[in-house]
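What follows is each chain in one-letter form.
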Amino acid sequence: MARKVIVDCDPGIDDALALCIALFDPRLEVLAVTAVGGNTSPERATLNVQTIIGQLDPKRWPRVGAASEPDGGLPVDGRYLCGVDGLGGIEFAVAERQHLLPSEKVICDQVRAAPHQVTIVALGPLTNIARAFARDPELPTLVDRVVMMGGTVSGPGNITPAAEFNIYCDPVSARAVFRAHCTKTLVPLDVTNRAVLSYDLFNRLPEENTRIGYFVRQVLPPAFRAHRQNLGLEGIHVHDTVALMSVIHPDLFTTREMAGDVETQGDLTMGMTVFDRRRVPSWRRNMEVAVEMRTEEVVDAIIGDLATAAEYAGPRLADL
Ligand code: BDR
Ligand code: CA
């Protein structure tokens, strides 16, 4: 039976790539895609979620949740890697829906409708998840698992020397989710950083006459340019897609139970994830953390799952 998931995301090119797979993967049933501000403003993230779903047009459209501003505002955005609009500056047509429910309400409703069955795959700041848990305090116990892309265990951050982007964007919400009584998996930057997709990826992507092939061939080239210009990398990171792989292919990852929390203050350390790794820890273990992955196999799985998604999504309408 397909695993019920809510994808909470801030597209973002790597979020978009993860959605390409998730929306069509036969092992997943995407109940909802909830937008959150991060790589772009909340409004733009909401629009981008609709753009992606509209471009890919899955047979069963998921619910969509609208993002709103985090309580402290967004301190940064991801335009240096994703472009001003989060999707590489490609002007896709979109039929925007009116009167979307707030993301946190969608999360609450979907989890309540299928208690103990829903995995929340959190690919952006944890604003919506924290708000859903605040709105319905019983919710953490009703979620099957929250899988989060974020934080670092022992490596540097990527938005400050200490902090990873998603956690830095809303550290107070991240702390609330880390401390919530639900089953969690964290896929941190230390691990996601290891997968770098190189330019020869284009030879292995689905053909341009498929919906998926067309979409990814539009949004990935700007990501390659931005990674080269801003990170000096001849390849791209796809943190969110790696996190999704940990849901679809858990056998490719090694996890360890750890005790983690988030620094919510500090001139230099705001948004840093802190783990009690002392010889004799005193913090209670509160999450499973991905510590290793079989990197080459994960990259192959991403490419293979995109091909599967392309089959399920079918050809572009223009080519029918
Ligand atoms: C995370 O930050 C965002 O820029 C990416 O979409 C990913 O979710 C990586 O630190
Ligand atoms: Ca993201």
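Residues numbered from 1 in each chain as written. Chains lettered and ligands numbered in written order. Predicted model: local features only at pLDDT ≥ 70, side-chain atom pairs only at ≥ 80, totals over all residues. Heavy atoms only, no water.

## Things to note about the packing of helix H5 (residues 127–135) against helix H8 (residues 171–179)
The contact between H5 and H8 brings their axes to 8 Å, and the two run at 55°. Comparing the axis directions of H5 and H8 gives the class oblique. The two elements H5 and H8 cross, and the hand of that crossing is left-handed. Contact residues: H5 offers Thr 127, Ile 129, Ala 130 and Phe 133, while H8 offers Ser 173, Ala 176 and Val 177. Within the contact of H5 with H8, the residues separate by chemical class into 5 nonpolar, 2 polar and no charged. (Axes fitted to C-alpha atoms, helices over the stretch in contact; angles between N-to-C directions. Helix = DSSP H or I, 4+ residues; strand = E, 2+ residues; numbered from the N terminus. Parallel < 35°, antiparallel > 145°, perpendicular 65-115°, else oblique. Left-handed = near helix turned anticlockwise from the far one by under 90°. Contact = heavy atoms within 4.5 Å. Nonpolar A, V, L, I, M, F, W, Y, C, P; charged D, E, K, R; others polar.)

## Things to note about the pattern of salt bridges
Summed over the entire model, instances satisfying the criterion amount to 18 salt bridges. Put simply, Arg 175 and Asp 261 hold a salt bridge, and the shortest N to O gap is 3.3 Å. With Arg 175 in helix H8 and Asp 261 in strand E10 (residues 260–262), the pair connects residues that are 86 residues apart, well separated along the chain. Each of Lys 4, Glu 29 and Arg 60 takes part in a single network of salt bridges with overlapping partners. (Salt bridge = Lys/Arg side-chain N within 4 Å of Asp/Glu carboxyl O.)

## Some remarks on the coordination of the calcium ion (ligand 2)
Taken together, the protein donors to the calcium ion (ligand 2) comprise Asp 10 (OD), Asp 15 (OD), Asp 15 (OD), Leu 123 (O) and Asp 240 (OD), at separations of 2.3 to 2.6 Å. For the calcium ion (ligand 2), the donor residues sit on a single chain with the sequence spacing D-x4-D-x107-L-x116-D. Within this pair, whereas Asp 15 is found in helix H1 (residues 13–22), its partner Leu 123 is found in the loop between strand E4 (118–122) and H5, the two being separated by 108 residues in sequence. Of the two residues examined, Asp 15 and Leu 123, each falls in the buried class. (Donors = N, O, S within 2.8 Å, 3.2 Å for Na, K, Ca; no water. Buried < 20%, exposed > 50% of the residue type's maximum accessible area, 1.4 Å probe, protein only.)

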